[in-house]
Every structure is written in structure tokens, then in C-alpha cells.
Amino acid sequence: MNTSLRTALPSLSTTGFYTKKSLSDALCEIKALGWIRNETGKSGDGVPGDILESLLGVPRNNLPIADASGWELKTHRMSSSAMISLSHKEMKVDPKRPVVSKMMLPIFGWRHQDAGRKYPDSELSLRTDIVGDRWNSRGFILRVDESHQRVYVAFDPERVSAENGEWKEMVQERMKAIAFNEPYYEFSDFYKSIGRKFLNCFFVKCEDKSEDGKQFIHYTEAYILEDVNIDAFMKGVRAGEVKIEFDARTGHNHGTKMRMLENDLPVIYSKVTRIM
């Protein structure tokens, strides 16, 4: 695929191996090609990565960099609001107990839209996104505690929006019977998760368009991202660039997730170098 295009790129490796410098040069040459037709027969957010890896002649998600190890090539379609999953791990609480099933859902759950039909009449739902730079409409926010090396989910009934006033009264009544202790992740939980999952990488952004039923990609920006850093990550938490999602109902817990916009990936690295 794209054989004719590859012959127009003098910096492309003939062996499939690159240095950081030669790969940077090749990406700049690919940018200069302008709009590249999608001839993969596929669509979706994975297509820009497929095309770029084909042009470079490198294996998927495993960059052979001669002067560094453990590198990846990541692409992002600038029109996409795709999220990256950083972790799928339950939070902790003191005293120790199941956070969602024994505390969060019984206290904060609201009647499931299918309660009494698809599910029992008593079925509760808890689906909410929580960030660190603002209170959400249910009165939740992420609180970073440097002294204890933790990120807490805090709740303040005074921050609940007026539209959720009836739910707020119900929650306050439930809290008389069920103790609420702020659930948390330890900094080490973040480090273990993102340290394993996110290697140093070349992060390439692209634009896309359709003309006469054909799809085209233009690679417009590229960055070298190095050294996943917990301090940089916590800045992202405070800035609202990382969110925690609860997604549970009485009969099933889909899991607590930590996610961020794919476009915001550079915030978790301590060294970001733009190459085009």
C-alpha cells in the first residue's frame, strides 16, 4: 500500500529501523505530501495509524528506534473526541469495604431508567464523570492530597445543582444510615497503571476530509513525548484533563475508569518536543 508515496520520501528507512532524528525527518516529509487518500478500505480512528505505519514501513504499535527502546507511534484524528483509558481499577476507602456496591451506589444512586421494566423496581444507577477543576452537577470533584499522596472523590451537597435538588435530599437522608468516606486512588496506583501502559512515543496529529465519497488524511503535527511523570499527571488531574467515571447499577458494576481525551495525552509526559 502507498508504494508510490513511499518512493517520494527520501528519509524513509529501507530496513524498517529509525533513529529519532531520521523518524522526525520522515514525518516532516509525510506532512509535506499534503492530503493522502485512504486506500485501506477501513474507517474509524485507527485508520490514520494504519496509513502512517504503512508509509513508514514499521510494525504496528512497536517502533524500532535504534537509539532508544520501548517507543510507540500514536496518532490522533483532530476531529475526534476519542478518549484514552488510563486505568480500569476500583477505588479504595477507609475503613476498607467495596466502594461502589457498599457505599457509592447505596448513597448516591438514583432510580434506573429501566427500573420496574427491564430491572427490579429497586434498581439504582450511578453514572457520573468527575474532574478536578470544577464541581459536577451531582456535587462531586477530584481532590488532590499531596501530603497523603492520594486523589480523593469529594462530595459537597451545597454544590449539587438545583435540577438535582430532590436527589440531594434523598442522598442526605441516606447518609444518616450509611457512612460516606471519600474514596481514593493512591499516587502509586496511577504510576503503576500509566507507567506500564504509556511508553515514550511519537504522537502524530492529523486532519481528515471526504471528497466525492473518498476519504483523505493530512498529517499536520507531531511531537516526541518522553518520560511519563506523576507530577505532570497530577497537574492534568487538577486541570480537569483527567476524569474518573463511575458506571454502575445495582445488578452490575461496569467498573470505575480513569480516562482522558486522546488529544490531551502530552500532559502526562514531562518532556514534550514538537517536531512539526
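Counting of residues starts from 1 at the beginning of each chain's written sequence and follows it residue by residue. Since the coordinates come from a predicted model, pLDDT governs what is reported: local features require at least 70, and pairs of side-chain atoms require 80 or more to be given and counted, while whole-chain, interface and lining totals use all residues. The basis for the side-chain values is all heavy atoms of the structure; hydrogens and waters are excluded.

(A) Highlighting the packing of helix α2 (residues 20-32) against helix α3 (residues 47-56). Here an axis means a line fitted to C-alpha atoms, over the contact stretch when the element is a helix, while the angle between two N-to-C directions is reported on a 0 to 180 degree scale. Segments assigned H or I by DSSP are reported as helices when at least four residues long, segments assigned E as strands when at least two residues long, and all are numbered from the N terminus. Interhelical geometry of α2 versus α3 gives an angle of 115 degrees and a closest axis separation of 11 Å. In terms of crossing hand, the pair formed by α2 and α3 is right-handed. For the pair formed by α2 and α3, the contact residues are Leu23, Ala26, Leu27 and Ile30 on the first element and Leu52, Leu55 and Leu56 on the second. Of the residues in the contact of α2 with α3, the class split is seven nonpolar, no polar and no charged. Should the near helix be turned anticlockwise from the far one by less than a right angle, the crossing is left-handed, and should it be turned clockwise, the crossing is right-handed. Contacts were defined at the residue level, with two residues in contact if any of their heavy atoms lie within 4.5 Å. Here the nonpolar group is Ala, Val, Leu, Ile, Met, Phe, Trp, Tyr, Cys and Pro; Asp, Glu, Lys and Arg are the charged ones; every other residue, Gly included, is treated as polar.

(B) Spotlight on unusual backbone geometry. With an omega dihedral of -5 degrees, the bond running from aspartate 94 to proline 95 counts as a cis peptide bond. Counting through the fold element by element, proline 95 comes out in the loop between β3 (83-88) and α4 (99-108). Positive phi outside glycine occurs at glutamine 149, with the angle close to 55 degrees. Structurally, glutamine 149 can be placed in the loop between β6 (140-145) and β7 (150-155). Phi is positive for aspartate 212, close to 55 degrees, though the residue is something other than glycine.

(C) Expanded view of the sheet that holds β6. Between any two strands, at least two bridges found by DSSP are needed for them to pair. Sheet architecture is open: three strands sit in the order β6-β7-β8, paired in antiparallel fashion. Looking at which strands have only one partner, the edges of the open sheet turn out to be β6 and β8 (184-186). Here the average twist between neighbouring strands, direction ignored, is 20 degrees. Pairing of β7 with β8, which is carried by three bridges, proceeds in the antiparallel orientation. Across the sheet, the residue bridging to valine 151 is tyrosine 185, located in β8.

(D) Expanded view of the nonpolar core. We call a set of buried residues a nonpolar core when its members are Ala, Val, Leu, Ile, Met, Phe, Trp, Tyr or Cys and they connect through side-chain atoms within 4.5 Å of each other. Remark: exposure states derive from per-residue accessible area (1.4 Å probe, protein chains only) relative to the maximum for the residue type, with buried under 20%, exposed over 50%, and partly exposed in between. Residues Leu86, Met104, Phe108, Phe198, Phe233 and Leu265 are the most contacted members of the largest nonpolar core, which totals 46 residues. In terms of residue count, α4 provides more of this core than any other element does, seven residues in total. Look past the residues within four positions of phenylalanine 198 in its chain and what remains in contact with it is Lys74, Ile84, Ser85, Leu86, Val228, Leu265, Ile268 and Tyr269. Within the second largest apolar cluster, 24 residues are counted, among which are Ile51, Leu52, Leu56 and Ile217.

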